Amino acid sequence: MNIPEKIKAIRNQIETYCNTCHRNPQTVLLLAVSKTRPATDIAIAYQAGLRHFGENYCQEALLKQQALGAYDITWHFIGPIQSNKTKLIAQHFSWVHSVDGLKIAKRLNEQRPDNLPPLNICLQINVSEELTKSGIATDELAELSGAIAEFPRLKLRGVMAIPAPEEDYEQQRLPYKALFRAVTALKRPELDTFSFGMTNDLKAAISEGATIVRIGTALFGERH
Ligand SMILES: *Cc1c(COP(=O)(O)O)cnc(C)c1O
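Being a predicted model, the structure only gives us computed values, none of them experimental.

How each quantity is defined
Residues numbered from 1 in each chain as written. Predicted model: local features only at pLDDT ≥ 70, side-chain atom pairs only at ≥ 80, totals over all residues. Heavy atoms only, no water. Salt bridge = Lys/Arg side-chain N within 4 Å of Asp/Glu carboxyl O. Helix = DSSP H or I, 4+ residues; strand = E, 2+ residues; numbered from the N terminus. Buried < 20%, exposed > 50% of the residue type's maximum accessible area, 1.4 Å probe, protein only. Pairing = 2+ DSSP bridges. Right-handed = clockwise from strand over helix to strand, strands pointing away. Expected span 1.5 Å × (residues − 1). Contact = heavy atoms within 4.5 Å. Near = heavy atom within 4 Å. Polar contact = N/O pair within 3.5 Å; in protein donor to acceptor, adjacent residues only side chain to side chain. Areas by Shrake-Rupley, 256 points an atom, 1.4 Å probe, with all protein chains shown as cover. Nonpolar A, V, L, I, M, F, W, Y, C, P; charged D, E, K, R; others polar.

**Student:** How would you explain the pattern of salt bridges if you had to name every residue and give the values?
**Tutor:** When the charged atoms of two side chains with opposite charge come close together, those side chains can pair. Inspection of the entire model under this criterion finds nine salt bridges. Linking Asp-114 and Arg-153 is a salt bridge whose minimum nitrogen-to-oxygen distance equals 3.8 Å. Taken together, the residues Asp-114 in the loop between helix H5 (102-111) and strand S5 (119-125) and Arg-153 in the loop between helix H6 (141-148) and strand S6 (154-161) connect sequence positions 39 residues apart. When the shortest N-O distance is used, the salt bridge between Asp-192 and Arg-157 registers 3.2 Å.

**Student:** Summarise the pairing of strand S4 (residues 95-99); cite the residues concerned and give the values.
**Tutor:** Counting buried residues along S4, five of its five residues qualify, which places the element largely inside the surrounding structure. The pairing of strand S3 (residues 74-77) with S4 spans two bridges and is classified as parallel. From the neighbouring strand, His-76 faces S4, where its bridge partner is Trp-95. For the crossover from S3 across helix H4 (residues 86-92) to S4, the handedness is right-handed. Relative to S5, S4 runs parallel, the two sharing three bridges. Pairing of Val-96 across the sheet is with Ile-121, part of S5.

**Student:** An account of helix H7 (residues 169-185) is requested, with residue identities and associated values reported.
**Tutor:** Look at H7: 25 Å from first C-alpha to last across 17 residues, which is about the 24 Å you get at 1.5 Å a residue. By the burial criterion, the buried members of H7 are Gln-172, Arg-173, Pro-175, Tyr-176, Leu-179 and Val-183. Check the buried side of H7 and you find it contacts S5, H6, S6, strand S7 (193-195) and helix H8 (202-207). Trailing H7 by a residue or two, Lys-187 shows a phi angle of about 55°, which is positive.

**Student:** Break down the site of the ligand for me, citing the residues and quoting the values.
**Tutor:** Taken together, the residues surrounding the ligand are Val-33, Lys-35, Asn-56, Ile-78, Ile-162, Met-198, Thr-199, Arg-214, Ile-215, Gly-216, Thr-217 and Arg-223. Within the side chain of Lys-35, an N or O atom sits 2.6 Å from an oxygen atom of the ligand. In the environment of the ligand, an oxygen atom lies 2.5 Å from a nitrogen or oxygen atom belonging to the side chain of Thr-217. Its free accessible area being 390 Å², the ligand has 90% of it covered by the protein chains. Class assignment of the residues belonging to the shell around the ligand gives a composition of five nonpolar, four polar and three charged.

Shape is all these values report; function is a separate question.
Spelled out as structure tokens, the structure:
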């Protein structure tokens, strides 16, 4: 399959999975994860209708943004954030999914240019409690979301999670279900975004409330 065919296939899958759990497919945004892919692949996906692209590495993303300056793309930063990259991220992205602490949030707030709208933020939650993975613990969410809500140049939107890889569908659902409940319990209506799900757990993510699915491999093929 070429990229447009793969996009069609993923859209069909999203629709099928939404129908299965009685959700409106319009409530699930397909974010194309384009890390390691050339700008030409992004252009092809854009021509096929995609507008939201996710990148993990700042320098790589900036080069593609320059090459694709004429395109009306919404850029999402989804990778680990180093303090020395927050300024570029604040200047060149509309969304950041991987905010994992107050220090990074504070820098992004201070560095977001005044001529741009507030930066949309998701807090990355460590749902698998692996020491090697970044993200905050679920029980830090209440305090941190309260603090970030005070930052005028950020717009706190929700949470992002990358669970440990798991093949079993029911097992895949568990971390998303628990996190969805924890966020709902906060009773903060502005937290309307659940950045859940990648190529291998798309169905589980949609069944547990994903509003943004981050898909790379299924759209662009295996990364090398
Ligand atoms: C690479 C990546 C994805 C996409 O993963 P696929 O398995 O290729 O769909 C999604 N989210 C994050 C944070 C990533 O780094």
